[in-house]
Amino acid sequence: MTDFSSGGLRTALSVNLNKVALVRNTRHLGIPSVCTAATRCLQAGAQGITVHPRPDGRHIRAQDVADLAALLRSDWPQVEFNIEGNPFQNLMDFVREFRPHQATFVPDAEDQFTSDHGWRFPEDLERLKPLVQQAQALGVRVSLFMDPEPAQMAQARATGAERVELYTEGYAASRGRPDADAVLARYAEAARAAQAAGLQVNAGHDLSRENLTDFLRAVPQVREVSIGHAFIADALELGYAAATQDYLRCIEEARA
Ligand SMILES: CC(=O)[C@@H](O)[C@H](O)COP(=O)(O)O
Ligand SMILES: NCC(=O)COP(=O)(O)O
């Protein structure tokens with residue numbers, strides 16, 4: 001949950017468990033467990049759990065979503081559950097069955113290597129509206145996965161969605177390049193445009209311990225970062241608890 005206690009906004013850390021499931025799926029032994037991973041990260045202070053149950057089941061599968069929903073409902077009721085996916089594929093089935101706190105609409109093809117673009121407006125506006133309404137009628141907040149384009153944010157809001165998630169691969173890839181400052185400024189501009197349109201802002205994709213603090217210092221009022229690939233890579237070396245604490249420290253450093 002976002003913490004307003006100090007008057008400022010503390011960005012929530014939502015751990016994406018896709019890659020725990022990816023490793024688990026390489027044997028029929030049930031380990032590593034996504035529920036154990038979630039428990040360890042939440043015990044260490046993470047504020048949310050994110051999963052992306054892709055149609056091909058390459059990592060997170062329907063049973064994982066069911067198990068995590070039950071775990072959070074029973075043991076961690078204050079923790080945000082965020083389910084990502086394409087609402088024109090299998091996402092709405094999960095939204096209807098599990099009613100997560102948030103559904104992140106991602107325009108991925110079924111066979112896509114990984115998420116690599118956001119929604120486009122006006123092309124996607126009319127077809128997204130009814131799905132946003134369906135999710136919200138179930139009490140589910142909707143976040144739209146978006147490229148950092150300020151001019152797209154007013155129409156993103158016109159879908160009825162409450163949030164956008166800025167797709168941050170472009171930021172991560174720009175680090176160390178001559179245009180890095182300009183790229184980061186673009187993300188800040190996109191966030192301000194989103195907020196001016198009445199949207200709250202999340203961020204994710206290729207965020208890491210190396211790039212997270214600078215991003216949050218430059219981009220205002222980010223409500224939630226969802227981090228998976230780099231987080232799980234760090235957890236393989238440090239353990240879930242130490243990795244969680246490192247990422248929480250990165251978030252805190254951005255507030256200093
Ligand atoms: C939407 C997004 O950027 C990520 O959350 C996505 O879940 C990554 O998917 P993979 O873990 O399958 O690469
Ligand atoms: N929405 C981004 C996410 O959940 C995880 O992306 P990544 O950290 O695995 O690139």
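Residues numbered from 1 in each chain as written. Chains lettered and ligands numbered in written order. Predicted model: local features only at pLDDT ≥ 70, side-chain atom pairs only at ≥ 80, totals over all residues. Heavy atoms only, no water.

1. Some points on the packing of helix H2 (residues 34-43) against helix H3 (residues 62-75)
The axes of two packed helices give the description: the angle between them and the distance between them. Stated precisely, the cut-off is as follows: As a rule, the C-alpha atoms of each element are fitted with a line to give its axis, helices using only the stretch in contact, and angles between N-to-C directions run from 0 to 180 degrees. Going along the chain from the N terminus, every DSSP run of H or I of four or more residues is numbered as a helix, and every run of E of two or more is numbered as a strand. Note on convention: the crossing is left-handed when the near helix lies turned anticlockwise from the far helix by less than a right angle, right-handed when the turn is clockwise. Contact between two residues is taken to exist if any of their heavy atoms lie within 4.5 Å; hydrogens are not considered. Three residue categories are used. Nonpolar comprises Ala, Val, Leu, Ile, Met, Phe, Trp, Tyr, Cys and Pro, charged comprises Asp, Glu, Lys and Arg, and polar comprises the others, including Gly.
Between H2 and H3, whose axes approach to 9 Å, the crossing angle comes to 35°. H2 and H3 meet at a crossing whose hand is right-handed. Every residue of H3 that contacts H2 at Val34, Cys35, Ala38, Thr39 and Leu42 is listed here: Asp64, Asp67, Leu68, Leu71 and Leu72. Of the residues that constitute the contact of H2 with H3, the class distribution is seven nonpolar, one polar and two charged.

2. As for the UniProt feature "site: Transition state stabilizer" (unreviewed entry) in the protein chain
Defined as follows: UniProt positions are given in the numbering used here, feature names are shortened, and annotations may be inferred rather than shown by experiment. The rule is simple: take the accessible area with a 1.4 Å probe, protein chains only, and divide by the maximum for that residue type; under 20% is buried, over 50% is exposed, in between is partly exposed.
Mapped onto this numbering, the UniProt entry gives "site: Transition state stabilizer" (unreviewed entry) at Glu165. Looking at Glu165, the relative accessible area reads 2%, which means it is buried. When sequence neighbours within four positions are dropped, the list of residues in contact with Glu165 reads Glu84, Thr104, Ser143, Leu144, Phe145, Met146, Asn202, Ala203, Gly204 and Ser226.

3. Some remarks on the packing of aromatic side chains
Short version of the rule: A pair of Phe, Tyr and Trp rings is counted when the ring centres sit within 6.5 Å of each other, with Trp represented by its six-membered ring. The angle between the planes then sorts it: under 30 degrees is stacked, over 60 is edge-to-face, the rest tilted.
Going through the model one piece at a time under the given rule, you end up with seven aromatic pairs. The interplanar angle of 70° and the centroid separation of 6.0 Å between the aromatic rings of Phe88 and Trp119 together place this pair among those described as edge-to-face. Taken together, the residues span a long stretch of sequence, with Phe88 in the loop between strand S3 (80-85) and helix H4 (91-98) and Trp119 in the loop between strand S4 (102-105) and helix H5 (125-137) at a distance of 31 residues. Ring centres of Tyr171 and Tyr187 lie 6.3 Å apart, and the angle between their planes is 70°; on these two criteria the pair is classed as edge-to-face.

4. What to know about the sheet that holds strand S5 (residues 141-146)
Note the following rule: Any two strands with at least two DSSP-identified bridges between them are counted as paired.
What the eight strands build is a closed barrel, ordered S1-S2-S3-S4-S5-S6-S7-S8; its pairing is parallel. Recorded for the sheet is a direction-independent mean angle of 25° between the axes of neighbouring strands. Note: strand S1 (residues 12-16) against strand S2 (residues 48-51), three bridges, orientation parallel. Residue pairing across strands places Ser14 opposite Gly48, the latter belonging to S2. On top of the sheet, helix H11 (residues 240-255) reaches S1 and strand S8 (222-227); it is set at about 145° to S1, its chief contact.

5. Thoughts on the site of ligand 1
The cut-off we apply is this: For this description, a residue counts as near a given molecule or strand if any of its non-hydrogen atoms is within 4 Å of it. Whenever a nitrogen or oxygen atom comes within 3.5 Å of another N or O atom, the pair is scored as a polar contact, on the condition that within protein one atom can donate a hydrogen and the other can accept it, and that pairs from neighbouring residues in sequence are kept only if both atoms are in side chains. For the accessible areas, the method is Shrake-Rupley and the probe is 1.4 Å, while residue cover comes only from the protein chains on display.
Neighbouring ligand 1 are Asn16, Asn18, Lys19, His52, Arg54, His59, Glu84, Val106, Thr114, Ser115, Phe145 and His205. Between ligand 1 and the protein, one listed contact pairs an oxygen atom with a side-chain N or O atom of Asn18 at 2.8 Å. Between an oxygen atom of ligand 1 and a side-chain N or O atom of His205, the distance comes to 2.6 Å. A total of 360 Å² of accessible area belongs to ligand 1 in isolation, and the protein chains cover 91% of it. Considered class by class, the residues forming the shell around ligand 1 number two nonpolar, seven polar and three charged.

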